[in-house]
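Reading the structure
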Amino acid sequence: MRASRGVRIAFAVLILLVFGFYLYVHVAEGPFSDDAGTFHIRNQEPSAPAAEPEEELPIETPEPTPTPTPTPTIDPNSPVGKAAALGLPKPPDIDITSWEFLMANPDHSIEEYEPPLAEYHARSVSDYMSSYDELYFDERIFDPITQFSMGAVEAGNKVFLSSGYRSYNTQVGLFNRKLGQGYSEEEAAKIVARPGTSEHQTGLCCDITDRPYDFKTTDLENTELYKWMSAHCHEYGFIVRFPKEKEDITKIMYEPWHFRYVGVEAATYMVENNLCYEEFYDLYTG
């Protein structure tokens, strides 16, 4: 019995040794222990450091496609449209019905119109200016005609003013005199305006020469006075009313002595674009 018991004890000890050896092998090589007795996963590659988040690029908001501004349509019958059709720049923004644009010509009668008149004494302005007695103008051009004439005087010229305002009845007498000299009505109208169609009846014009003349001719274009006045008239608001090479339009012979007030803006536009008054006026009417 003792031998059998001893065998059993020895057998039990052997089993314990085998079991302990088994535990040693599996635990030591297992995934959960190290020399310090700390359990961890063996043979596992160290974790890679966490990747830094990529910097987010700002999202560009697309620019909206601009809507093209429609090109305004120009009315072909407006002053701008008429000027463009003739290859002219934009004309000044004026009221063509204003007093300084009063049109008197063979196609536009002003009948017995009479402007607000005042007598003009040229000699009282300058010793180098003179005029016939009883020279009248529309009172609204007193300052412009004085400044224009004084500009010529200061440039070294003598100035003689004549044929300012003429009444309807005076024009009747002048026209009939031409008829009495043997001219036909058509021929006479090229020299003297028919009553109601004369520029002089507007009170806005004047014949300006270097001295009195019994009979004015186109040779006056050669005087120093005309050369200065025709070059500077627009600066004072005046134009050569019946210019050379525009006779077919004005229906009046070339008169290098007859100056008409229309204002600086309009006069400058006409001079810069070689327009007679009829051509300018037609941009706003018709």
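Check the entry above for the structure.
Our subject in this report is the structure included herewith.

What counts, and where the lines are drawn
Residues numbered from 1 in each chain as written. Predicted model: local features only at pLDDT ≥ 70, side-chain atom pairs only at ≥ 80, totals over all residues. Heavy atoms only, no water. 1 Å grid on protein atoms, 1.4 Å probe; cavity = no way out; pocket = protein on both sides within 12 Å on 5 of 7 lines; lining within 4 Å. Points joined across faces, edges and corners; volume = space filled by probe spheres on them. Helix = DSSP H or I, 4+ residues; strand = E, 2+ residues; numbered from the N terminus. Nonpolar A, V, L, I, M, F, W, Y, C, P; charged D, E, K, R; others polar. Buried < 20%, exposed > 50% of the residue type's maximum accessible area, 1.4 Å probe, protein only. Pairing = 2+ DSSP bridges. Salt bridge = Lys/Arg side-chain N within 4 Å of Asp/Glu carboxyl O.

**Let's talk about the layout of surface pockets**
Empty space within the largest pocket amounts to approximately 930 Å³. Together, 38 residues line the largest pocket, and Ser163, Arg166, Val192, Asp207 and Lys216 are the ones closest to its centre. Elements represented by at least two residues in the lining of the largest pocket include exactly strand S3 (135-138) and helix H4 (168-180). Considering each element in turn, the lining of the largest pocket owes the most residues, 4 residues, to H4. Across the lining of the largest pocket, the residue classes tally to 17 nonpolar, 10 polar and 11 charged.

**A short note on the pairing of strand S5 (residues 205-209)**
Most of S5 is tucked away, with 5 of its 5 residues classed as buried. The side-chain alternation of S5 yields two buried faces, one formed by Cys205, Asp207 and Thr209 and the other by Cys206 and Ile208. Where strand S4 (residues 159-162) lies against S5, 3 bridges are found, and the strand directions are antiparallel. Its bridge partner lying in S5, Leu161 is registered against Ile208. Both S5 and strand S7 (residues 258-261) contribute to a ladder of 3 bridges, which runs antiparallel. Bridge assignment links Cys205 to a residue of S7, and that residue is Arg260.

**Notes on the pattern of salt bridges**
Tallying each qualifying case throughout the model produces 10 salt bridges. Put simply, Glu224 and Lys227 hold a salt bridge, and the shortest N to O gap is 3.5 Å. Of this pair, Glu224 and Lys227 both sit in helix H6 (residues 224-232), 3 residues apart, which is roughly one turn of that helix. Glu224 sits in the exposed class, given a relative accessible area of 54%. Here Lys227 falls in the partly exposed class, since its relative accessible area comes to 43%. One salt bridge in this structure joins Arg241 and Glu278, with 2.7 Å as the shortest N-O distance. Of the two residues, Arg241 sits in the loop between strand S6 (238-240) and helix H7 (247-250) while Glu278 sits in helix H9 (residues 277-282), which places them 37 residues apart along the sequence.

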